[in-house]
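# Descriptive structure summary
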Amino acid sequence: MPASDEASALEAHLGFWLRFLSNHVSARFQRQLEAQGVSVAEWVALRTLWADEETGHARLIQALGMTKGATSKLVSRLEQKGLAHRRSDRADGREQSILLSPSGRALVPLLAALADANDEYFFGHLGARQRQALMETLQGLVRHHRLESLPTA
């Protein structure tokens with residue numbers, strides 16, 4: 001620990017460099033998504049929905065790391081954009097599944113290509129072994145700290 005009259009430089013911290021890079025990676029991708037009329041949270045929801053034929057609210061809430069109300073509002077925005085719809089699973093309508101619409105299902109691979117291109121822009125200069133080592137290091141940190149919710153903002 002530095003003495004009280006000393007302070008380590010921002011640039012001396014791994015967290016500084018992770019945040020610096022993450023902010024740039026995220027901001028560039030966010031601009032690309034917004035050009036397609038989609039927010040980052042909507043992208044995470046769309047990609048989660050794309051993985052399963054039907055998704056319940058609980059699964060989407062878990063994937064997004066959002067409250068039930070915030071997730072419901074996000075699903076409503078996806079419905080308004082014609083990208084998803086809700087279907088009642090029970091006669092009383094209390095349980096619902098969320099499904100991608102055909103246009104939502106068609107949009108996901110296009111957005112995934114943007115994510116791939118964004119990764120290539122920032123990390124393409126790294127060799128395959130460096131990229132794999134970086135991925136494994138970051139995933140190891142996530143596991144070590146038991147981080148579960150996806151970043152959506």
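Owing to the predicted nature of the structure, the values given are computational and were not obtained by experimental measurement. In this convention, every chain numbers its residues from 1, walking through the sequence in written order. This being a predicted model, a pLDDT of at least 70 is required before a residue's local features are given, and a value of 80 or more before pairs of side-chain atoms are given or counted; all residues contribute to the totals for chains, interfaces and linings. With hydrogens and water stripped out, all remaining heavy atoms of the structure feed into the side-chain values.

### Some details on the packing of helix α2 (residues 40–51) against helix α3 (residues 57–64)
The axes used here are C-alpha line fits, helices contributing only the stretch in contact, and every angle between their N-to-C directions lies in the interval 0 to 180 degrees. Every helix listed is a DSSP run of H or I at least four residues long, and every strand listed is a run of E at least two residues long, numbered separately from the N terminus. Here α2 crosses α3 at 130 degrees, and the two axes come no closer than 10 Å. When the axes of α2 and α3 are compared, the pair comes out oblique. Seen from above, α2 lies across α3 with right-handed handedness. Facing A41, V44, A45, T48 and L49 of α2, the residues of α3 in contact are R59, L60, A63 and L64. Residues are grouped as follows: nonpolar covers Ala, Val, Leu, Ile, Met, Phe, Trp, Tyr, Cys and Pro; charged covers Asp, Glu, Lys and Arg; every other residue, Gly included, is treated as polar. Here the contact of α2 with α3 is composed, by residue class, of 7 nonpolar, 1 polar and 1 charged. Note on terminology: angles under 35 degrees are roughly parallel, angles over 145 are roughly antiparallel, angles of 65 to 115 are roughly perpendicular, and the others are oblique. It is the rotation of the near helix from the far one that decides the hand of a crossing: anticlockwise by less than a right angle makes it left-handed, clockwise makes it right-handed. Residue contacts are counted whenever heavy atoms from the two residues lie within 4.5 Å of one another.

### Comments concerning unusual backbone geometry
Positioned with a positive phi, R146 is a non-glycine residue whose angle comes to about 55 degrees. Looking at where R146 falls in the secondary structure, it is placed in the segment after α6 (128–144). Type-normalised accessible area, obtained with a 1.4 Å probe on protein chains alone, sets the label of each residue: buried when under 20%, exposed when over 50%, and partly exposed for intermediate values. Residue R146 is classed as exposed on the basis of its relative accessible area, which comes to 71%.

### Quick look at the packing of aromatic side chains
Pairing of aromatic side chains here covers Phe, Tyr and the six-membered ring of Trp, requires ring centres within 6.5 Å, and sorts the geometry by plane angle: under 30 degrees stacked, over 60 edge-to-face, intermediate tilted. Under the criterion given, the structure shown has 6 aromatic pairs. The interplanar angle of 80 degrees and the centroid separation of 6.2 Å between the aromatic rings of F29 and W43 together place this pair among those described as edge-to-face. Pair noted here: F29 is in helix α1 (residues 14–35) and W43 is in helix α2, with a separation of 14 residues, a long-range link. Given a relative accessible area of 11%, F29 falls into the buried group. In this structure W43 comes out as buried when scored by relative accessible area, which is 11%. A connected cluster of aromatic rings, assembled from ring pairs, spans F16, W17 and F20. Look at NZ for Lys and CZ for Arg. If either is within 6 Å of the ring centre and within 35 degrees of the ring normal, a charge sits over the ring. Sitting over the ring of Y121, R28 keeps its end group 3.8 Å from the ring centre.

### Looking at the nonpolar core
The tendency in soluble globular proteins is for nonpolar side chains to be buried side by side. Here, nonpolar core refers to any group of buried Ala, Val, Leu, Ile, Met, Phe, Trp, Tyr and Cys residues whose side-chain atoms link them within 4.5 Å. Ranked by internal contacts, the top residues of the largest apolar core, which has 22 residues, are W43, L46, L49, L60, L78 and L111. Contributing elements (two or more residues each) for this core: α1, α2, α3, α4 (68–80), β3 (96–100) and α5 (102–123). The leading source of residues in this core is α2, at 6 residues.

### Here's the deal with the pattern of salt bridges
Note on pairing: side chains with opposite charge can pair once their charged atoms come close. Salt bridges are defined by distance alone: a side-chain nitrogen of Lys or Arg within 4 Å of a carboxyl oxygen of Asp or Glu. Applying the stated criterion across every chain yields a total of 6 salt bridges. Between E42 and R77 there is a salt bridge; the shortest N-O distance is 3.0 Å. Placement of the pair is E42 in helix α2 and R77 in helix α4, with a sequence separation of 35 residues. The partner of K81 in a salt bridge is E42, and the shortest N-O contact between them spans 2.7 Å.

### A few points about a nonpolar patch on the surface
Here, patches come from residues exposed beyond 30% relative accessible area and free of salt bridges, joined within 9 Å for like charges and within 5 Å for nonpolar side chains (Val, Leu, Ile, Met, Phe, Trp, Tyr). Here, Shrake-Rupley sampling with a 1.4 Å probe gives the accessible areas, and only protein chains in the shown set may cover a residue. A surface patch of nonpolar side chains, amounting to about 450 Å² of accessible area, comprises L14, L18, L134, L138 and L141. In terms of residue count, α6 provides more of the nonpolar patch than any other element does, 3 residues in total. Turning to its location among the elements, L134 is positioned in helix α6.

### Here's the deal with the pairing of β3
A large share of β3 lies buried, amounting to 4 of its 5 residues. By the bridge criterion, 2 bridges tie strand β1 (residues 55–56) to β3 in an arrangement that is antiparallel. Paired with T55 across the strands is I98, a residue of β3. Only when DSSP finds a minimum of two bridges between them are two strands counted as paired. As paired strands, strand β2 (residues 84–88) and β3 are joined by 5 bridges and run antiparallel to one another. Within β3, the residue paired with S88 across the bridge is Q96.

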